[in-house]
Amino acid sequence: MKKKVAIIGAGVSGLAAIRSCLEEGLEPTCFERSDDVGGLWKFSDHIEEGRASIYQSVFTNSSKEMMCFPDFPYPDDFPNFMHHSKLQEYITSFAKEKNLLKYIQFETLVTSINKCPDFSTTGKWEVTTEKDGKKETAVFDATMICSGHHVFPHVPKDSFPGLNRFKGKCFHSRDYKEPGIWKGKRVLVIGLGNSGCDIAAELSHVAQQVTISSRSGSWVMSRVWDDGYPWDMVVLTRFQTFLKNNLPTAISDWWYLRQMNARFKHENYGLVPLNRTLRKEPVFNDELPARILCGMVSIKPNVKEFTETSAVFEDGTVFEAIDCVIFATGYGYAYPFLDDSIIKSRNNEITLYKGIFPPQLEKPTMAVIGLVQSLGAAIPTTDLQARWAAQVIKGTCTLPSVNNMMDDIEEKMGEKLTWFGNSATIQTDYIVYMDELASFIGAKPNLLWLFLKDPRLAVEVFFGPCSPYQFRLVGPGKWSGARNAILTQWDRSLKPMKTRVVSKVQKSWFYFYSRLLRFLAVAVLLIALFLVLI
């Protein structure tokens, strides 16, 4: 009989899980508390309890060629960076095209997931759901948690003395929808992440003054990279990853700082991170530097204390007559339907093998999909996670022993602290992580074989964007269109912008090979310089 799998959430992670289960001959049932697919990307003009929330002006930070399901490219005319409505349109099309909707029970809340009494031998779970006030419990052979981590806002009020005296409006960025109601007001945004910068830049067009308070600073990157191409198609390549991970640390750090400051010098804008070489996820905002330059947004250090109407910063300066404080301070990781001990087995931290499997379970029948964060896009990451998880649940792949998994978690945590810092425990290196997952299911491209068999494809795979199609070239789930998708990805990235005919258009192959020569020249120069210095 087919194994029954309960999937919690019908966002991109849940849809990837459903499809992966079907590919492996499993029987999925997905429970979604709202009335539609999309999860985080399903916009609502009001806050819904237990659901992620986005504001009206949200655009993607990953480009369409880098954030698609690997066998389902976006329509050619879709913009490279999409408004949330366009992405929701794509997600809905994917669900319909892959015939996934019939496996989803909408407006159904999962209230609890518990081990069956015979879990140690069967690995089965009791899943209790509620719909229209009626509760039901069913037994499943496995569960896949796909509910995301943008649901429970983190508001560190205890870190801000005097906040209880503040008489203005105070709320989390999750509650922000649009800027109109703050016209002519003075707004303080706490937090220099993507949401904080987006909201501050947008408010600066209507508010009297906007100030951002940041404890540690951030790198601010543009979506528009060299020669106007999407940043991730230029930056997220196997070649760059190889250099970053193999060059001496001093050279790698120098190169990283040079990339981050390529657009503007961060220290001149008060944005530079305290620890400049940490590879923490940068902010993507094309407008913020200009708003700072125009005086409509100012950057301040951490708030020392609040008064009834103002904020006193650690440098002694004061932001007076504040109408509103918006906490863009991130989210907590919580699964209220699940006992904390299952995924928080060490110092109350999320402890998962490869960011997916609770290592202490007697049977590997639970997987968390979509929790890991990286510089790469979420959709291809969740697709690969779900493919591996489905094979583990089916029994095609096996996990190491508990001790080996815990050793791997400890080793990876040490690497993460070195690269990303203490506050980024779920962050990982995108290409390294994707290759690791792909190798478990036989979907990792064999570059040496590709160079012998198909040199044109091999060059694009290694030196070009590490696009999702690469992970459907071989192995289970192989897609016959993957090769062509890789070889034509530059053309598709240009298609939506070619709305005016010009006399001469730069060919993508020329751009690609010119960049390759520049990278090689820089790499050779840096290695030679390092050898001379030592």
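Scroll up a little and you will see the structure.
What you are looking at is a predicted structure, and each value in this text was computed from that prediction instead of being measured.

Visitor: Please clarify how empty space enclosed by the protein should be interpreted in this entry.
Guide: To locate leftover empty space, one rolls a probe as large as a water molecule over the atoms. Applying the stated criterion across every chain yields a total of three cavities of 30 Å³ or more. Within this model, the second largest cavity holds a volume of roughly 60 Å³. Taken together, L40, K42, F43, S44, H46, I47, E48, R51, A52, S53, I54 and K177 make up the full set of residues lining the second largest cavity. Its residues assigned to classes, the lining of the second largest cavity shows five nonpolar, three polar and four charged.

Visitor: Explanation requested: the sheet that holds strand β16 (residues 311-313) in the structure shown.
Guide: One open sheet holds the three strands; their spatial order is β15-β16-β17, and the pairing between them is antiparallel. Pairing within the sheet leaves two strands with one partner each, and these edge strands are β15 (303-306) and β17 (318-319). Where β16 meets β17, two bridges bridge the pair, whose relative direction is antiparallel. When the sheet's bridge partners are listed, V312 is paired in β17 with V318.

Visitor: How should the pairing of strand β14 (residues 297-300) be read in this particular structure?
Guide: Looking along a regular strand, one sees the side chains alternate between the two faces of the sheet. Here β14 shows a clear split, with V297 and I299 buried on one side and none of S298 and K300 buried on the other. Pairing geometry for strand β11 (residues 209-213) and β14, over four bridges, is parallel. Residue T211 lies in a different strand from β14, and its bridge partner there is S298.

Visitor: What's the story with unusual backbone geometry in this structure? I'm lost.
Guide: Excluding glycine, residues mostly have negative phi values, and the peptide bonds linking residues are mostly trans. The backbone of E107 sits at a positive phi, close to 50 degrees, despite the residue not being glycine. Along the chain, E107 turns up in the loop between β3 (104-105) and β4 (109-115). Look at E107 and you get partly exposed, because its relative accessible area is 48%. One non-glycine residue, K354, lies in positive phi territory at about 55 degrees. With respect to the helices, strands and loops of the structure, K354 is situated in the loop between α9 (340-343) and β20 (366-368).

Visitor: I'm lost on the environment of F94 in this one. Help?
Guide: Residue position: F94 is located in helix α2 (residues 84-97). What makes F94 buried here is its relative accessible area of 0%. In sequence terms F94 and R291 are 197 residues apart; their C-alpha atoms lie 37 Å from each other. Discounting residues that sit within four places of it in the chain, F94 has contacts with L15, R19, F69, F72 and L100.

Visitor: What's the story with the pattern of salt bridges in this structure? I'm lost.
Guide: For side chains of opposite charge, pairing can occur when their charged atoms come near one another. One pass over the full model with this rule turns up 24 salt bridges. The closest approach of N and O atoms between K354 and E436, which form a salt bridge, is 2.4 Å. Of this pair, K354 sits in the loop between α9 and β20 while E436 sits in helix α12 (residues 430-440), placing them 82 residues apart in sequence. As far as the burial class goes, K354 and E436 line up, both buried. The shortest N-O distance in the salt bridge between D454 and R483 comes to 2.5 Å. Taken together, the residues D454 in the loop between α13 (447-453) and α14 (455-463) and R483 in helix α15 (residues 482-487) connect sequence positions 29 residues apart. R483 sits in the partly exposed class, given a relative accessible area of 34%. By sharing partners, the salt bridges in this structure join R19, E23, D71, K98, D383, R387 and R472 into a single network.

Reading guide: rules and limits
Residues numbered from 1 in each chain as written. Predicted model: local features only at pLDDT ≥ 70, side-chain atom pairs only at ≥ 80, totals over all residues. Heavy atoms only, no water. 1 Å grid on protein atoms, 1.4 Å probe; cavity = no way out; pocket = protein on both sides within 12 Å on 5 of 7 lines; lining within 4 Å. Points joined across faces, edges and corners; volume = space filled by probe spheres on them. Nonpolar A, V, L, I, M, F, W, Y, C, P; charged D, E, K, R; others polar. Pairing = 2+ DSSP bridges. Helix = DSSP H or I, 4+ residues; strand = E, 2+ residues; numbered from the N terminus. Buried < 20%, exposed > 50% of the residue type's maximum accessible area, 1.4 Å probe, protein only. Contact = heavy atoms within 4.5 Å. Salt bridge = Lys/Arg side-chain N within 4 Å of Asp/Glu carboxyl O.

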